[in-house]
Structures are given as structure tokens and as C-alpha cells.
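Each chain, letter by letter, is given below.
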Amino acid sequence: MNFAIVLFAWLGSAWLLAVIEGWTITGRLRLTAPLLSGLAHLGRESIVPRTPDRVFFETAPVLLLIVAVLGAAVLPLAPTLVIADLATGALFINAALAYVLVALIMAGWGPNGAYAMIGGWRFLGQLIAYAMLIVMPITAVAMRAESLVTTVIVGSQDSLWNIVYQPLGFVLFFIAAMALAFRAPFDLPTAPGELGGGVDAEYTGVRLAVLRLARLTLVITLASATTVFYLGGWHGPLLPPWAWSLIKTLAVAVLMLLAGRYLPRIREADLMRWCWTLGIPLALLNIIVVGLLVLVVP
Amino acid sequence: MMSVLEQYSLLLALVLGIAATVLALYGLARAIGPAHREPGKDVPASSGALSRDPVWGRYHARYYGYALLFLAFDMEMAFMYPWAVVYREVGLVALYDMGVFLAILFLGLLYGWSQGALRRQ
Amino acid sequence: MISDPTMTITGARQRQGRFTVLQKWVSRALAGNLSCLIVPGPEVALSHGLDVTAAGMRITATPRDASVLLIIGELSEKMSEAVAVLYAQMPRPRAIVILGGQPPSTLPDADFSAGVSQAGLIDAVDWLKRALAKGAFSDSPEDFDAAVLHARIDYVCPMHPEVVQNEPGSCPKCGMDLVAREAGESAPEHDHDHGHDHCEHRHHEHEHQHHDHAQQHEHHEHEHHHGHCHEHHDSHEHDHEQHEGHQHSHENHHDHGHKHQHDESDGDAEEKDSGHDHSGHHHGGHGHDSHEHGGHDHVGHGHSGHDHGGHDHGSSGFMSMVEVTKDLPRSADGLAMDWMEVPFGPVFPGLPGGLKLTLTLDGDGVTEGQATSLVGMINESEEGKEIDAETFIERLASAMPLASVSYRLLACLAIERASGLENDSATDHARDVALERERIASHLGWLAQLGRQLGFAWLTDRAATLQLEIRRASGKRLVELTPALQALAARLGRTPLLKSRLKGIGILPSGTAGLSGPVARAADDAGDAWARLWRRLDEMTTSLDFIKATGEPELPALRNIGRGSGTGEATVETPRGEARLSLELEHGQVKSYRLDTACSHHIGLVATLVEGRELGDALVAVGSLDLSPWEVIA
């Protein structure tokens with residue numbers, strides 16, 4: 001029963017995020033927009049490019065969707081509202097999200113088209129840039145919570161949210177989360193202006209619908225992960241815990257959306273250089289600082 | 001509280017369920033009709049030029065300097081997960097131990113930086 | 001306004017017997033989700049004053065995502081071919097809407113035609129919504145076919161690649177059977193094929209070579225560069241980047257004493273290309289192309305230039321990667337990788353529509369690039385054909401949609417000077433204000449393009465809104481809009497990642513020949529894309545000050561020249577640089593003319609700008625030049 005509720009809640013947030021995204025683009029708030037858009041995609045032809053790598057081409061959208069949902073499966077809405085409260089929750093999220101790379105490389109290689117191929121390999125470069133910046137802040141969070149269980153991590157923030165305790169970690173994690181979800185300004189693999197659509201370019205019809213759904217769900221998963229790790233999860237006055245989780249998740253997701261709208265795309269060379277020369281030393285510093293704080297603060 | 005096996009089987013069921021849903025959607029789309037085969041439709045879109053050349057070849061990934069360092073740091077993170085969980089228990093010693101490890105790797109990063117690994121090749 | 005009363009679209013899907021309810025819902029959903037691909041480009045729509053998103057359609061970047069093909073204005077022949085390719089790549093149900101022109105010959109009849117106006121666009125969208133809701137599925141949709149979609153088949157001699165015939169036969173030089181090969185495009189293209197598909201062919205080749213016992217082994221050379229043929233190597237573990245694998249297959253078929261003869265002329269592109277020949281390849285069932293190298297210098301693909309002289313396979317036939325890649329062209333860091341030639345063709349988001357940029361990519365870095373314009377105008381008038389002065393002005397203005405006022409002014413001035421009319425300061429002032437107004441609008445259009453290219457959605461929207469407002473604004477309204485423009489500039493200065501994106505990109509120092517307009521003026525500063533951005537923003541401010549000081553704009557209209565004759569020359573500073581027109585007038589008819597524009601010179605700079613840059617940087621550099629492919633004189 002919990003399973004169904006949580007799944008529904010995540011799908012509902014993805015729906016709401018789609019509505020909000022449509023609102024920022026067209027200026028009109030249409031609640032049925034995602035459904036109609038999905039139907040429209042269903043009704044268009046699903047073209048398979050000539051001489052594709054069929055396995056890769058077909059697997060990529062499905063894999064991306066599976067990854068996004070698996071990541072959301074370990075994130076709690078409320079102390080008991082979680083699909084699978086794994087003992088290694090924080091690690092599991094990382095493991096699942098690593099497959100985003102696999103899905104995108106498949107989407108790049110599969111269609112046998114130049115734009116997609118370049119997009120796929122660019123995402124690998126992006127991963128090399130952001131991967132450490134996802135993992136190191138999570139480690140610092142786990143240090144404070146003394147556990148990798150996501151419910152315990154949220155529980156450890158009942159006195160003080162991690163965003164206040166480890167602000168550096170939050171900033172790094174947020175940026176890396178945007179890069180993982182390949183949202184602007186980190187949308188190198190799907191850049192319309194540079195790659196004519198990139199990895200999305202060769203998907204049409206129902207496969208494109210699944211891919212878009214997967215991207216939305218991925219943003220929700222990462223926003224929820226940010227909420228769980230840094231924004232105190234379900235903690236908050238008045239409203240029931242699950243409401244706070246959802247509100248915070250949506251707020252972070254909308255923030256990611258807006259960042260994409262108001263910032264130009266970053267250059268890949270710059271992204272890698274900044275992440276490695278600036279980001280990783282800062283992340284290491286964050287771990288050391290948190291390490292000291294954890295020992296000093298009761 | 002579910003056992004670990006139950007949790008993972010639940011996750012597996014979730015994976016299979018999603019795959020089944022997606023296949024059902026594909027079936028629905030196929031019920032509406034297959035893609036009409038026409039000349040030129042299946043050539044990858046290259047903004048108005050018909051380029052049939054396959055692109056599978058050796059791609060010059062220019063971030064291999066970063067990739068090598070990434071491997072080292074990734075292995076380090078694998079060690080840090082369990083360390084983070086027992087950190088508070090063990091105390092300051094844990095910080096020293098991991099600090100030495102991190103310092104060595106950081107020196108590696110600095111060395112790579114000085115040798116020009118941290119740039120677009 | 002022409003519309004089909006039966007509400008059908010030629011690009012409909014096949015209706016199935018069952019699932020009609022689902023088809024009905026889907027049709028309604030499709031009607032509500034119109035996405036269009038604008039040809040030649042969204043900047044043309046903006047310069048004609050069309051607001052596509054306000055009309056209810058979403059603008060897409062690729063044909064795969066589009067359900068409507070929106071064609072604005074007349075298309076040249078080459079663009080018609082490109083549009084046919086784009087239309088073929090759109091998934092059904094698809095519709096064609098043409099605003100302000102005749103349907104291109106390569107496409108089926110337009111589903112809806114109208115004049116170039118926002119009202120026409122809104123009517124089109126209304127019609128499309130109704131037509132898609134009813135006619136997205138039809139009983140027998142027509143196939144779409146166009147000549148450009150089919151490959152030409154050439155027959156080539158495996159040993160003498162210069163022997164090309166249209167029919168099968170035998171080579172006049174050596175008597176070998178000619179082999180069929182597909183050619184995808186008429187322009188010389190080269191190909192780097194490394195597809196899996198070559199696997200089966202490898203066998204044929206080996207047998208062929210073996211039996212042939214030809215001393216020339218150029219054919220094998222290209223095999224080295226083909227990825228992977230796992231069937232051949234059951235005993236070896238290779239990933240398909242290991243070309244050694246092919247050497248193993250090699251040794252299965254040959255003894256080691258083979259000396260590979262190779263072309264002596266490593267430096268000669270033509271000869272190199274011969275090695276790239278795919279003898280023995282039967283491409284019959286493959287959608288796979290091998291292009292003969294044309295006159296293109298493909299140092300990049302010098303896969304053929306393998307020097308195996310004295311090469312010893314060793315006891316196991318193992319060839320290290322060093323040996324395999326010995327003579328391939330190197331990238332800047334010394335690695336030899338596969339290069340691909342990718343078109344960033346006429347309708348690419350972020351680049352001006354009609355500009356075909358062909359880049360040879362080494363990974364994501366550009367090794368060489370070439371830009372041509374598919375919509376450029378032809379320079380000299382036809383011999384003996386006289387054009388009425390008014391017609392000439394209209395034609396010139398409509399041939400340059402992105403700067404129509406400037407060219408109208410240019411033509412008016414040239415004709416008036418040719419007929420000897422004196423300057424009239426009142427009309428001159430009004431015309432100059434119109435010119436400055438167009439300068440502002442043009443720079444805003446460029447900013448919108450920059451936003452599309454950089455993925456900066458806010459900039460695209462804001463610049464597009466302002467451009468639509470300013471296009472036909474009165475002097476008073478323009479003064480009112482000054483704070484909005486200043487806010488835009490200030491916001492751009494504050495945008496975090498913009499400077500790092502544009503600084504140092506596309507540097508054209510002031511000594512470069514052929515610079516004109518904002519590009520030339522920015523070359524005095526730093527000559528990079530950032531300097532050009534600020535130069536254009538400054539020009540907008542200067543133009544606004546001029547307008548405030550001068551008065552109301554008035555579109556240039558030809559004054560009464562009677563039946564004047566003479567020669568005249570005029571120069572106008574268009575938003576992109578200096579344009580010069582000299583013409584000969586005879587009794588009120590234009591006998592001959594000569595036009596020189598800034599973009600014709602700028603397009604030649606593209607090749608140097610993109611060389612050696614990363615793909616994104618190269619595209620931004622080209623975009624920062626603000627090329628108008630219409631103004632490129634052929």
C-alpha cells in the first residue's frame with residue numbers, strides 16, 4: 001500500500017513539474033498538458049533510424065526511466081512512506097544514477113547519427129566532472145547521520161538542516177545534481193543550439209515520450225535527493241510530513257528549471273576544469289570541515 | 001520492517017513493472033499503426049543534408065586526463081562510504097587516517113594538474 | 001488564403017480498422033500540440049513580424065520533433081532540396097504551411113497557404129488544429145518521395161577509383177568489373193565508414209584480394225580502419241577499436257611475405273583517396289554509403305595513406321596500435337582517431353537558416369570547416385534583361401529578408417543617384433531613422449539567435465519580444481522602449497556564465513581582411529565574440545539616441561525619377577556591415593547592377609574561425625559573425 005502511495009506521489013510530482021515547465025515556456029498553466037502531450041507523442045510515428053544498434057536504441061529510454069524511478073524508490077516521503085528503505089540507501093542512489101550515463105551513451109551510440117554520438121560522449125565527459133561532486137557531499141551527509149539509510153539521514157536533521165550545517169556541500173551537490181539530470185545550463189548532451197537535439201534527436205513518437213518522462217522523473221528524483229540530504233526531508237511545522245517532502249522537492253525542481261532558463265549553457269572544457277580544480281578541493285574541504293564539526297558538536 | 005531480500009525483490013519487481021509498462025505503451029503505439037516506410041525517413045536528421053555515413057568509429061574523447069584521475073578518486077570514494085558511517089564512533093583517529101589517504105590522493109590531483117592532465121586535450 | 005475544405009493533410013497516418021476511439025483521442029491531442037519547424041529559420045519569422053509561439057505553435061529544433069513544416073517566403077532550389085529532406089524526416093502526421101510564397105517543387109502541395117502576416121499565421125494554426133483533429137488519420141495517405149532522397153549509384157573500378165560510370169561494365173584500364181557504390185550527395189564528400197556492416201564484406205574482400213593476387217593492397221588499408229568484425233576473430237578478444245584484429249584476419253588469408261604497395265604520393269589528396277576505395281563491397285542491401293573523395297582535401301581521412309613498406313607482421317601477425325595508426329593524421333595531442341564529416345546544414349537551430357556549415361570533426365573538435373550559403377543571391381543581372389526600377393527595389397528588398405529596409409534604402413539611393421536626383425534632407429532623415437530602427441531590430445534578432453545557440457531561453461524570448469515590438473515602432477514608441485533595451489543590456493552584463501562562454505571565442509584581429517560592420521569595429525577591441533556582443537549592444541544604444549534626436553521613421557520609397565538614365569552608386573551601412581550597389585539606369589529601367597555586401601566577405605572567414613576549435617566554440621564563433629546567408633553574393 002505504501003508502495004502505491006509513494007509511486008503515485010512521485011508520478012504526481014513529475015506531472016506537476018511538467019505543468020510548471022509548460023507554464024514557463026508558454027505562459028499558460030494547463031493541468032492536462034502532460035497527458036495531452038503524452039497522447040500526442042503516442043500518436044506520432046516512432047521511427048527507427050537506419051542501421052541502428054537496435055539493442056542500445058531501444059534500451060536507452062527505458063533504462064533512463066528505470067534509473068530515475070529506482071533512485072526515487074529509496075527516498076522517503078515520510079518516516080514510513082518509502083518504497084524500499086535500504087540499509088545502503090545513499091549508496092544505492094549513486095549506483096542507480098550511475099546508469100544514467102549508460103542510458104545516455106546507449107542513446108548516443110544507438111541511432112548511428114552524428115549529433116547523437118557527440119552528445120553521448122559529451123555526457124561521459126560531464127559525468128567525469130560531476131560524479132565526485134555528487135559522491136563527496138553525500139559522504140559528508142552520511143558522516144553526520146552515521147548511517148546510509150535515507151530515513152536516518154533525514155532524522156539526523158531534525159535539529160538543524162544540513163543546508164545550514166554543510167552549505168558548501170549543498171551548493172556542490174545542487175550543481176552536480178543539475179549536471180546529472182543534464183538540465184540547462186549543463187545540457188551538453190541534448191543541446192539544441194549546438195547539437196540539434198543531441199541524444200534526443202533520433203527518438204520520435206512513443207520512445208520520445210518515454211525519454212521525456214524519464215528526464216522529468218530524473219529531475220524529481222534528484223530534487224528529492226537534495227531535499228532528503230540537505231533540506232530536512234519531511235521536517236516542518238503544521239503540514240503533514242509527506243506534504244513538506246513534496247513541497248520541498250517541487251521547490252528544488254523548479255529552482256533547477258529556473259536556473260536553466262536564466263543561464264546560458266556552460267562550455268564543456270570549463271565545466272570539467274572548474275569541477276576538478278575548484279570543485280573537488282572544495283568537496284574535500286567540506287568533508288574535513290564536517291568531520292571536525294561532527295566531532296565537536298554533540 | 002522488510003528484510004533485505006524482500007526490499008531488493010521489491011525493487012526488482014519495480015524494475016520489471018516499469019519495463020512492462022513501457023512495453024505496454026509501445027504496444028499501444030503499435031496498435032495505432034506502424035511507421036510508414038518512406039525513403040529518407042530513417043536517415044538520422046542532419047539539419048537538411050542527407051548524410052548516410054555511419055558514425056561508429058574511434059571518437060576522440062578529449063577528457064582522458066580527467067578520466068584517469070577520476071578512476072583514482074572513484075576508488076577512494078568506495079572506501080569513504082563505510083568510513084563515513086563509523087566516523088563519529090571512531091573519533092578523531094578516523095579523521096587522521098582518512099585525511100592521510102585523502103592527502104595522498106590530493107597530491108596526485110596536484111601532480112596531474114601540474115602536468116597538464118586537467119585540460120581539454 | 002487557400003485551404004482545403006475537406007480538411008485533409010497529405011502527411012496523414014494510415015488509419016487502422018480497429019482502435020478508432022484511441023485514434024480520435026490521439027488526433028485531438030495532436031491538434032492541441034502543434035510543434036513547427038520553421039524554414040529557413042525562426043529569425044526570418046521574426047524579421048517578418050511573425051510571433052509563432054503567440055499563434056499557438058511550439059518551435060522545435062529538429063524535424064523529428066515537428067508536426068508542422070512552416071515555410072516562410074520563397075525558397076531557392078538548393079533550399080528546396082534541403083526542405084524535402086527535412087520533410088521526409090518528420091514523423092507523420094505532418095502538415096506543410098507556406099506563408100508568402102509558392103510551394104517548392106520538391107514538396108507535395110501545401111496544406112495551407114497564406115500571406116506573410118500574423119493574421120495569416122493565426123488562420124493557419126486554426127485550420128491546422130481543425131484539420132489535425134479530423135484528418136490526422138486517413139485511409140490512404142500518399143507516400144512522399146523526392147529525387148534528392150535517393151542515392152545515386154556509381155560504378156567504380158576497385159583499382160582505378162577515377163574510373164566512374166553510371167552503368168555496370170568493366171574498367172577500360174584494367175578490365176576488372178566495376179563495383180556498385182552509393183553516393184549520397186552531389187557535392188564531393190568523403191566517408192569514414194566504420195560500420196559494423198562491413199563485417200560481411202570483409203570476407204568478400206579477402207577472397208577477392210587473395211584470388212586477385214593484386215600487388216596493390218590499398219584496399220586492405222581501409223579495413224584497418226573499420227571497426228570490428230567480431231565474426232572473424234573468434235579466437236581473439238578484441239574490442240572493435242582494435243585494428244589489430246583486422247590484421248589477424250589479414251594473416252589468415254595471406255602469407256607474411258606480402259609487401260604492401262602503397263601510394264607514393266602521401267601528400268596528394270587524390271591518391272590517398274584511392275586507398276579508401278571499397279572494392280568488393282556490394283552495398284546492395286545496405287543503406288550504407290561510401291563516398292568517393294572528391295577534390296576535397298581530406299587529410300583527415302588519410303586512412304588510405306598507410307605506409308607498410310618493409311612492414312613485418314611478426315610471427316603472430318600482430319600489429320600494435322602504433323603501427324596501425326602510423327600514417328594517419330594526428331590531432332593536436334598526437335592521437336590518430338576517426339574523423340567524421342558532419343553537416344550543420346541549412347536548417348540548424350542557432351545558426352542562420354540557409355547557411356550550410358560542413359565541419360570535419362575529430363571527436364568534438366573541428367579540424368576543418370566550410371561554409372556555403374544556399375540562399376545567396378546571384379550578382380550580375382542577366383544580359384539584356386531590364387528591370388523596372390520599382391520592381392528592382394522590391395526584388396532586392398525581398399531577397400534580403402533579414403535587412404529589407406537597408407537594401408530598400410540602398411536601391412532607392414542608387415537609383416536616385418543614377419537618375420541625378422538631388423538629396424532631400426527631409427526624406428533622408430526619415431530614411432535614416434528607418435535604417436537605424438532596422439539596425440536595432442536586426443541586432444535583437446541576432447541576440448535571439450545567440451540565445452538559441454547558447455541555450456539561454458530567457459534571452460531568446462526577451463529579444464524576440466522586443467524585436468517584434470520595435471520592427472514597426474514609431475519614433476515615440478522607440479523612445480519609450482529605451483529603458484527596456486537598457487535593462488536587457490544590463491542583464492546580459494550580469495549573467496554569470498555568459499562571459500566565460502563568449503570571451504576568447506572566434507577571435508578576428510583587426511588586421512583581418514574583409515571585415516566590416518560591428519565585426520570590424522569589435523576587432524579593434526578584442527575581436528572575440530564577447531566584444532562583438534557589446535559592440536552590437538552599444539550600436540543599439542547609439543541608434544536609439546539618433547532616433548530620439550532625429551524624428552519619425554519612414555520606409556524608403558522611390559522618389560519620382562521619371563525616365564532618368566545614368567549610373568549611380570550608393571553605400572549603406574547595413575546592420576551587418578557595408579553594402580555597396582552600383583547600377584546602370586536607362587529610361588527608368590535598371591540595365592545592370594553590381595552588389596557587394598559585407599557577408600560575402602565574412603563567410604570566407606568561417607573556415608579560419610572554426611579550425612581547431614571545440615564544436616560548441618566553433619558554432620558560437622560562426623554565430624557571433626551575424627552572417628545573413630541571403631546577403632552572400634554567389
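Residues numbered from 1 in each chain as written. Chains lettered and ligands numbered in written order. Predicted model: local features only at pLDDT ≥ 70, side-chain atom pairs only at ≥ 80, totals over all residues. Heavy atoms only, no water.

A. Structural view of the pattern of salt bridges. Evaluated as defined, the whole model comprises 42 salt bridges over all chains. E194 of chain A serves as the salt-bridge partner of R122 of chain A, at 2.8 Å between the closest nitrogen and oxygen. With R122 of chain A in helix 5 (residues 114-145) and E194 of chain A in helix 9 (residues 192-195), this residue pair connects regions lying 72 residues apart in the sequence. The same class applies to R122 of chain A as to E194 of chain A, namely buried. The salt bridge involving R521 of chain C is made with E539 of chain C; its shortest N-O contact spans 2.6 Å. One end of the pair, R521 of chain C, is in helix 18 (residues 517-523); the other, E539 of chain C, is in helix 19 (residues 529-550), and 18 residues separate them in sequence. (Salt bridge = Lys/Arg side-chain N within 4 Å of Asp/Glu carboxyl O. Helix = DSSP H or I, 4+ residues; strand = E, 2+ residues; numbered from the N terminus. Buried < 20%, exposed > 50% of the residue type's maximum accessible area, 1.4 Å probe, protein only.)

B. Main features of helix 4 (residues 89-109) of chain A. Taking 1.5 Å as the rise per residue, helix 4 of chain A with 21 residues should run 30 Å; its terminal C-alpha atoms sit 31 Å apart, in good agreement. For helix 4 of chain A, a buried count of 16 out of 21 residues is recorded, marking the element as mostly surrounded by other parts of the structure. (Expected span 1.5 Å × (residues − 1).)

C. Inspection of the environment of L10 of chain B at higher detail. Locating L10 of chain B in the fold gives a position in helix 1 (residues 4-32). Taking the relative accessible area as the measure of exposure, L10 of chain B reaches 22% and is therefore partly exposed. Put simply, L10 of chain B and S47 of chain B are 37 residues apart on the chain and 45 Å apart in space, counted from C-alpha to C-alpha. With sequence-adjacent residues up to four places away left out, L10 of chain B is seen in contact with F3 and I83 of chain A together with M2 of chain B. (Contact = heavy atoms within 4.5 Å.)

D. Structural view of the interface of chain C and chain B. Tallying the contact residues gives 65 residues for chain C and 34 residues for chain B. Interface of chain C and chain B: buried area, both sides summed, is about 4,000 Å²; carbon and sulfur atoms make up 53% of it. Remark: the boundary between chain C and chain B carries 5 salt bridges. Between R62 of chain B and D362 of chain C there is a salt bridge whose closest N-O contact spans 3.1 Å. At the junction of chain C and chain B, the tally comes to 16 residue pairs in polar contact (both at pLDDT 80 or more). Elements supplying a minimum of two residues to the side of chain C that touches chain B: strand 2 (13-14), helix 1 (20-32), helix 4 (77-88), strand 12 (339-344) and strand 13 (355-362) of chain C. Sorting elements by how many residues they give to the side of chain C that touches chain B places helix 4 of chain C first, with 4 residues. Across the side of chain C that touches chain B, the residue classes break down as 26 nonpolar, 20 polar and 19 charged. (Buried area = accessible area lost by both parts, 1.4 Å probe. Polar contact = N/O pair within 3.5 Å; in protein donor to acceptor, adjacent residues only side chain to side chain. Nonpolar A, V, L, I, M, F, W, Y, C, P; charged D, E, K, R; others polar.)

E. Representation of the sheet that holds strand 15 (residues 387-388) of chain C in the model. Taken in spatial order, the 4 strands of this open sheet run 15-18-17-16 (chain C), and their pairing is antiparallel. Because the sheet does not close on itself, it has two edges, and the strands there are strand 15 and strand 16 (566-574) of chain C. (Pairing = 2+ DSSP bridges.)

F. Geometry of the interface of chain A and chain B. Contact residues are listed per partner, giving 77 residues for chain A and 60 residues for chain B. Contact with chain B buries area across many residues of chain A, yet R50, E146 and W276 of chain A alone supply 12% of it, more than any other trio. Linking chain A with chain B are 2 salt bridges, by the criterion used here. Residues E45 of chain A and K41 of chain B are paired through a salt bridge, measuring 2.4 Å at the closest nitrogen-oxygen approach. Summed over the shared surface of chain A and chain B, the result is 14 residue pairs in polar contact (both at pLDDT 80 or more). At the level of secondary structure, the elements contributing two or more residues to the side of chain A that touches chain B comprise helix 1 (2-26), helix 2 (33-43), helix 3 (54-73), helix 4, helix 5, helix 10 (205-230) and helix 12 (268-296) of chain A. Ranked by residue count, the leading element in the side of chain A that touches chain B is helix 5 of chain A, at 18 residues. Looking at the side of chain A that touches chain B, its residues break down into 53 nonpolar, 13 polar and 11 charged.

G. Here's a closer look at unusual backbone geometry. In this structure, P40 of chain C follows V39 of chain C across a cis peptide bond, with omega equal to 0°. Structurally, the position occupied by P40 of chain C is in the loop between strand 3 (35-39) and helix 2 (42-47). For the bond running from R92 of chain C to P93 of chain C, omega is -5°, close enough to zero to count as cis. By the element assignment, P93 of chain C lies in the loop between helix 4 and strand 6 (95-99). Residues other than glycine seldom take positive phi values, yet E146 of chain A does so here, at roughly 55°. Considering the arrangement of structural elements, one finds E146 of chain A in the loop between helix 5 and helix 6 (150-155). In this model, H587 of chain C sits at a positive phi of 50°, which is unusual for a non-glycine residue. Residue classification places H587 of chain C among the partly exposed residues on the basis of a relative accessible area of 44%.

H. Main features of the packing of helix 1 of chain A against helix 11 (residues 241-262) of chain A. All names here are of chain A. Two numbers describe how helix 1 lies on helix 11: the axes approach to 10 Å, and their chain directions differ by 35°. Handedness of the helix 1/helix 11 crossing: right-handed. Contact residues: A9, W10, S13, L16, L17, I20, E21 and T24 in helix 1; L246, T249, L250, A253, V254, L257 and R261 in helix 11. Partitioned by chemical class, the residues of the contact of helix 1 with helix 11 number 10 nonpolar, 3 polar and 2 charged. (Axes fitted to C-alpha atoms, helices over the stretch in contact; angles between N-to-C directions. Left-handed = near helix turned anticlockwise from the far one by under 90°.)

I. Examining the confidence of the model for chain C more closely. Residues and elements named next belong to chain C. Here chain C shows a mean pLDDT of 76. Residues at 70 or above account for 74%. Across residues 184-314, confidence stays below pLDDT 50; counting only partners more than four residues off in sequence or on other chains, it has 286 contacts. Scoring the predicted complex yields pTM 0.83 and, for the interface, ipTM 0.92. (pLDDT = per-residue confidence, 0-100.)

J. Spotlight on the packing of aromatic side chains. Enumeration according to the criterion identifies 23 aromatic pairs over all chains in this entry. Judged by centre distance (5.0 Å) and plane angle (75°), the ring pair of F344 of chain C and F348 of chain C falls under edge-to-face. Overall, the relative accessible area of 0% leaves F344 of chain C in the buried class. A centroid spacing of 5.8 Å and a plane angle of 75° characterise the contact between W530 of chain C and W534 of chain C, whose relative ring orientation is edge-to-face. Taken together, the residues span about one helical turn, with W530 of chain C and W534 of chain C both in helix 19 at a distance of 4 residues. Residue classification places W530 of chain C among the buried positions, given a relative accessible area of 13%. A network of ring pairs unites the aromatic residues F170, F173, F174, F229 and Y230 of chain A as a single cluster. One Lys or Arg, R144 of chain A, reaches over the ring of Y165 of chain A and ends 4.2 Å from the middle of that ring. Between the NZ or CZ atom of R491 of chain C and the centre of the ring of W458 of chain C, over which it lies, the distance is 4.3 Å. (Phe/Tyr/Trp six-rings, centres within 6.5 Å; stacked < 30°, edge-to-face > 60°. Lys NZ or Arg CZ within 6 Å of the ring centre and 35° of its normal.)

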